[in-house]
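So you can see what is in the structure, the chains are spelled out below.
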Amino acid sequence: MAAAAATAATKGNGGGGVRAGAGEAGGARKKKGPGPLATAYLVIYNVVMTAGWLVIAVGLVRAYLAKGSYHSLYYSIEKPLKFFQTGALLEILHCAVGIVPSSVVLTSFQVMSRVFLIWAVTHSVKEALGMRQRRSILSKSVQFTQWNFLVTSNSNCLFWIQENVQSEDSVLLFVIAWTITEIIRYSFYTFSLLNHLPYLIKWARYTLFIVLYPMGVSGELLTIYAALPFVRQAGLYSISLPNKYNFSFDYYAFLILIMISYIPIFPQLYFHMIHQRRKVLSHTEEHKKFD
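These numbers were taken from a predicted model, which means no experiment stands behind them.

A.B. asks: Just checking my understanding: could you explain the side chain of E78 for this structure?
C.D. replies: Relative to the helices and strands, E78 resides in helix α3 (residues 74-87). The exposure class of E78 is buried, given its relative accessible area of 12%. Residues within four places of E78 in sequence aside, it is in contact with H123, K126 and Q166.

Okay, here's the thing in structure tokens:
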């Protein structure tokens, strides 16, 4: 599973990966495309996903203009981000039924890694803090370095200011990288299915990852790192012995392993994409000269 989180970067989990997704025939070889009905469905799917990520982009811009600050912009696009990123699970089904010529295993790793970061880190750590919060205040025995508390006995009420992982700037870093990447990627698939791919979109898909990929990976790693102290003190998703299954699991250690897995995988994938860029764009230039 450590590889899954790292491959999140490949798919634009950091920005601009080369994942073969809905509507994209992988590799240099030409493969037989889907039938008319499957093509129509894939076009609709990719158009909807493009529109969804555009909604997220517009939401970010509007929230920034309204607030005048980039801090905590995640909350303005939290629901559509969860919806459309989770909607990418359909891409695994596309591969499984054969309407997209991509590896089911590879696509599953890449899609699930994004879903994992959204739900098991960014979302779940917030929920764990909410449950831990009451015990922390009442016992006054647990302190989180990223929490600020203002406690008063007035009217027997407790007030506090909470700063959780969703407020981290690193979350915005990977969200921006994902958003730009997915708008380009789904547009690329849509126009490819329609056999009318503008060079600008092709160029953007195989060029912007140079910045978006490291940007997304950095955001992901920093977000997981920011979640570690919360996960450790709340015991989130951890299973301790003894229990009837005689099984233990340390989610804190698991997240550290995920972060370590980025070290060998990131350079390989990044330079692979650089190679793909040279091959694809140089091939396009040769066609232009020939024409």
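A.B. asks: Can you help me understand the environment of M112 in this one?
C.D. replies: If you trace the backbone, M112 turns up in helix α5 (residues 104-139). Aside from chain neighbours lying at most four places away, what touches M112 is L89 and I92.

A.B. asks: I keep staring at the nonpolar core and nothing clicks. Help me out?
C.D. replies: Soluble, globular proteins show a tendency: their nonpolar side chains are buried together. Membership of the largest hydrophobic core comes to 53 residues, with the highest contact counts inside it found for W53, L81, F116, V175, Y251 and L255. Mapped onto this core, the elements with two or more residues apiece are α2 (36-67), α3, α5, α6 (169-193), α8 (209-234) and α9 (251-290). Those residues within four positions of L81 in sequence are excluded, and the remaining contacts are W53, I56, Y74, I118, V175 and W178. Grouped together as the second largest cluster of nonpolar side chains are seven residues, A38, I99, V100 and L193 included.

A.B. asks: I'm lost on the packing of aromatic side chains in this one. Help?
C.D. replies: We describe a pair of aromatic rings using the distance from one ring centre to the other and the angle between the two ring planes. One pass over the full model with this rule turns up 18 aromatic pairs. Arranged with centres 6.0 Å apart and planes meeting at 80°, the rings of F116 and F254 form a pair that is edge-to-face. Within this pair, whereas F116 is found in helix α5, its partner F254 is found in helix α9, the two being separated by 138 residues in sequence. Each member of the pair F116 and F254 is classed as buried. Between the aromatic rings of F209 and Y270, the centroid separation amounts to 6.0 Å while the plane-to-plane angle is 70°, which identifies the pairing as edge-to-face. Of this pair, F209 sits in helix α8 while Y270 sits in helix α9; the two residues are 61 residues apart in sequence, bridging distant segments of the chain. As far as burial versus exposure is concerned, F209 and Y270 are alike and both buried. Lying over the aromatic face of F188, R205 brings its terminal NZ or CZ to 5.0 Å of the ring centre.

A.B. asks: Mind showing me how you'd approach the packing of α6 against α8 here?
C.D. replies: Any two packed helices are characterised by how steeply their axes cross, that is the angle between the axes, and by the distance between the axes. Between α6 and α8, whose axes approach to 7 Å, the crossing angle comes to 145°. For the crossing formed where α6 meets α8, the hand is left-handed. Here α6 contributes S170, V171, L173, F174, I176, A177, W178, I180 and T181 to the contact with α8, which in turn contributes L212, M215, G216, S218, G219, E220, L222 and T223. The residue makeup of the contact of α6 with α8, split by class, is 10 nonpolar, six polar and one charged.

A.B. asks: When you look at the pattern of salt bridges in this model, what are you seeing that I'm missing?
C.D. replies: Pairing is possible between side chains of opposite charge, provided their charged atoms come close. Taken as a whole, this structure holds four salt bridges when the rule is applied. The salt bridge partner of E91 is R185, with a shortest N-O separation of 3.4 Å. Within this pair, whereas E91 is found in helix α4 (residues 90-97), its partner R185 is found in helix α6, the two being separated by 94 residues in sequence. Note on accessibility: E91 and R185 belong to one class, buried. Here R185 makes a salt bridge to E182, at a shortest N to O gap of 2.7 Å. On the criterion of helical spacing, the pair formed by R185 and E182 is a turn pair, its members being three residues apart in helix α6. Overlapping salt bridges, with partners in common, bring together E91, R114, E182 and R185 in one network.

What counts, and at which threshold
- Residues numbered from 1 in each chain as written.
- Predicted model: local features only at pLDDT ≥ 70, side-chain atom pairs only at ≥ 80, totals over all residues.
- Heavy atoms only, no water.
- Helix = DSSP H or I, 4+ residues; strand = E, 2+ residues; numbered from the N terminus.
- Buried < 20%, exposed > 50% of the residue type's maximum accessible area, 1.4 Å probe, protein only.
- Contact = heavy atoms within 4.5 Å.
- Core = buried A, V, L, I, M, F, W, Y, C linked by side-chain atoms within 4.5 Å.
- Phe/Tyr/Trp six-rings, centres within 6.5 Å; stacked < 30°, edge-to-face > 60°.
- Lys NZ or Arg CZ within 6 Å of the ring centre and 35° of its normal.
- Axes fitted to C-alpha atoms, helices over the stretch in contact; angles between N-to-C directions.
- Left-handed = near helix turned anticlockwise from the far one by under 90°.
- Nonpolar A, V, L, I, M, F, W, Y, C, P; charged D, E, K, R; others polar.
- Salt bridge = Lys/Arg side-chain N within 4 Å of Asp/Glu carboxyl O.

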